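An overview of the molecular structure
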Amino acid sequence: MKKFFEILNKTELAITMACVVGFTSVLMLGAVIRLVGHPLNWCNDVALLMLAWTTFLGGDVAFRAGRMVNVDILIARLPAKLQKVVAVAVYIILLAMMAVMVRQGIRLCANVGKRTLEGLPFLSYVWVAASIPTGFSLMFLTAVKRLHDLMVSADPGVISKM
């Protein structure tokens, strides 16, 4: 399982980095070409597609690396056992929210099936919307793994690493 998450993390990170470079390059190209007087209609659509995937895949990369915003001023003052209880409760709430986002993302994909990107009429908007259920499904897997690690660990310091 550890090898699976290593490969998944490297793949997500590579795709996210490629999308960041891609949408930055496409927007720069579009701006320069527009300045010259020949605007490219597809630039904003491609940038939107890449930004959506960057957002949701990058969210999982950050979540897996423990780089999400974490305000634990109150939690850090609780006893270790109570910290663990609170952490489990937070993960259960996160899992429920992520499941809702996956469900709603799938519904969004079904609803925008016939819509196409303006500058690229051959490309369905589903490719943009699919980033939501994909990203949240991956975050769901990460949350399940982290919750499992939290539950089986006897180390009270594991909570601070979450």
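What counts as what
- Residues numbered from 1 in each chain as written.
- Predicted model: local features only at pLDDT ≥ 70, side-chain atom pairs only at ≥ 80, totals over all residues.
- Heavy atoms only, no water.
- Pairing = 2+ DSSP bridges.
- Helix = DSSP H or I, 4+ residues; strand = E, 2+ residues; numbered from the N terminus.
- Patch = residues over 30% accessible without salt bridge, like charges linked within 9 Å, V, L, I, M, F, W, Y side chains within 5 Å.
- Areas by Shrake-Rupley, 256 points an atom, 1.4 Å probe, with all protein chains shown as cover.
- Salt bridge = Lys/Arg side-chain N within 4 Å of Asp/Glu carboxyl O.
- Buried < 20%, exposed > 50% of the residue type's maximum accessible area, 1.4 Å probe, protein only.
- Axes fitted to C-alpha atoms, helices over the stretch in contact; angles between N-to-C directions.
- Parallel < 35°, antiparallel > 145°, perpendicular 65-115°, else oblique.
- Left-handed = near helix turned anticlockwise from the far one by under 90°.
- Nonpolar A, V, L, I, M, F, W, Y, C, P; charged D, E, K, R; others polar.
- Expected span 1.5 Å × (residues − 1).
- Contact = heavy atoms within 4.5 Å.

Topic: the pairing of strand S2 (residues 120-124)
Relative to S2, strand S1 (residues 116-117) is paired through 2 bridges, and the arrangement is antiparallel. Each bridged residue has a counterpart across the sheet, and for Leu117 the counterpart in S2 is Leu120. In sequence, S1 turns back onto S2 through a hairpin of 2 residues.

Let's talk about a nonpolar patch on the surface
Taken together, the side chains of Val69, Val71, Ile73 and Leu74 define a hydrophobic patch exposed on the protein surface, amounting to about 500 Å² of accessible area. Tracing the backbone shows Val69 in the loop between helix H2 (43-64) and helix H3 (80-111). Assessed through its relative accessible area of 81%, Val69 is described here as exposed.

Describing the packing of H3 against helix H5 (residues 131-152)
Following both chains from N to C, one finds H3 and H5 inclined at 160 degrees, their axes separated by 8 Å at the closest point. Our classification of the angle between H3 and H5 gives roughly antiparallel. For the pair H3 and H5, the sense of crossing is left-handed. Of the residues contributing to the contact of H3 with H5, the split by class is 22 nonpolar, 2 polar and 2 charged.

With respect to helix H1 (residues 2-36)
The first and last C-alpha atoms of H1 sit 51 Å apart over 35 residues, in line with the 51 Å expected at 1.5 Å per residue. If you check which residues of H1 are buried, you get Phe5, Leu8, Glu12, Thr16, Cys19, Gly22, Phe23, Val26 and Gly30. Lining the buried residues of H1 we find H2 and H5.

Details of the environment of Gly59
Its place among the elements puts Gly59 in helix H2. Once the C-alpha coordinates of Gly59 and Met139 are considered, the two residues, 80 residues apart in sequence, prove to be 7.7 Å apart. Those residues in contact with Gly59, other than ones at most four positions away along the chain, are Thr54, Met68 and Met139.

Comments concerning H3
For H3, built from 32 residues, the straight-helix expectation of 46 Å at 1.5 Å per residue is met to within 8% by its first-to-last C-alpha distance of 46 Å. Buried within H3 we find Gln83, Ala87, Val88, Tyr91, Leu95, Met98, Val102, Gly105 and Cys109. Those residues of H3 that are buried are in contact with H2, helix H4 (126-129) and H5.

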